[in-house]
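One-letter residues, chain by chain:
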Amino acid sequence: VQLVESGGGLVQPGGSLRLSCAASRFIFWSYAMSWVRQAPGKGRERVATISRAGSTNYADSVKGRFTISRDNGKNTVYLQVNSLKPEDTAVYYCNANKNGWNYWGQGTQVTVSS
């Protein structure tokens, strides 16, 4: 199983980014996919999840600003992050889950600062 995140970077408050997670070596469409972030000195927070069927769920802290989507043909999950705030600064990890099995990517850094 391989999950490779990309798209992070330094952005000003109010800015946007599109994070991508390319998956390989497993049956991507059969897994629920999530984005989980970890800010410095804090625990991990699951910010968005998309099921196999495409239903989505968001943490209250990002509702209305973040959008998760998936392209099963490209084995890729995306996270569109808009209206970024300094408190969104974190390492963002891609997670694949099926029947309790969890796989993780290496993370991509998002820094929101002026």
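For the structure itself, look to the data block above.
Residues numbered from 1 in each chain as written. Predicted model: local features only at pLDDT ≥ 70, side-chain atom pairs only at ≥ 80, totals over all residues. Heavy atoms only, no water.

1. Brief notes about the sheet that holds strand 3 (residues 17–24)
Hydrogen bonds between backbone atoms are what pair the strands of a sheet, whose relative direction is either parallel or antiparallel.
Item 1. The antiparallel open sheet is built from four strands, whose spatial order is 1-3-8-7. At either end of the open sheet lies a strand with only one pairing partner, and these are strand 1 (2–6) and strand 7 (66–71). Direction aside, neighbouring strands of the sheet carry axes that sit 15° apart on average. (Pairing = 2+ DSSP bridges. Helix = DSSP H or I, 4+ residues; strand = E, 2+ residues; numbered from the N terminus. Axes fitted to C-alpha atoms, helices over the stretch in contact; angles between N-to-C directions.)

2. Some remarks on the nonpolar core
Item 1. Counting residues in each nonpolar core, the largest one holds 30 residues, and the members touching the most others are Leu3, Met33, Trp35, Ile68, Val77, Leu79 and Tyr92.
Item 2. Contributions of two or more residues to this core are made by strand 3, strand 4 (32–38), strand 5 (44–50), strand 7, strand 8 (76–81), strand 9 (90–98) and strand 11 (108–112).
Item 3. Ignoring sequence-local partners within four residues, the contact set of leucine 79 consists of Leu17, Arg18, Leu19, Trp35, Val47, Ala48, Phe66, Thr67, Ile68 and Tyr92. (Core = buried A, V, L, I, M, F, W, Y, C linked by side-chain atoms within 4.5 Å. Buried < 20%, exposed > 50% of the residue type's maximum accessible area, 1.4 Å probe, protein only. Contact = heavy atoms within 4.5 Å.)

3. Let's talk about the pairing of strand 4
Item 1. Taken across its seven residues, strand 4 has five buried, putting it largely inside the fold.
Item 2. The pairing of strand 4 with strand 9 spans seven bridges and is antiparallel. Within strand 9, the position partnered with tryptophan 35 by the bridge is cysteine 94.
Item 3. Here strand 4 runs beside strand 5; their pairing, made up of six bridges, is antiparallel. Bridge pairing links arginine 37 to glutamate 45 in strand 5.

4. Considering the environment of threonine 111
Item 1. Tracing the backbone shows threonine 111 in strand 11.
Item 2. When the C-alpha positions of threonine 111 and alanine 90 are compared, they lie 6.6 Å apart, and in sequence the two are 21 residues distant.
Item 3. Non-local contacts of threonine 111, meaning those with residues more than four positions away in its chain, are made with Gly9, Leu10, Val11 and Thr89.
Item 4. There is a polar contact of 3.3 Å between the side chain of threonine 111 and the side chain of glutamine 109. (Polar contact = N/O pair within 3.5 Å; in protein donor to acceptor, adjacent residues only side chain to side chain.)

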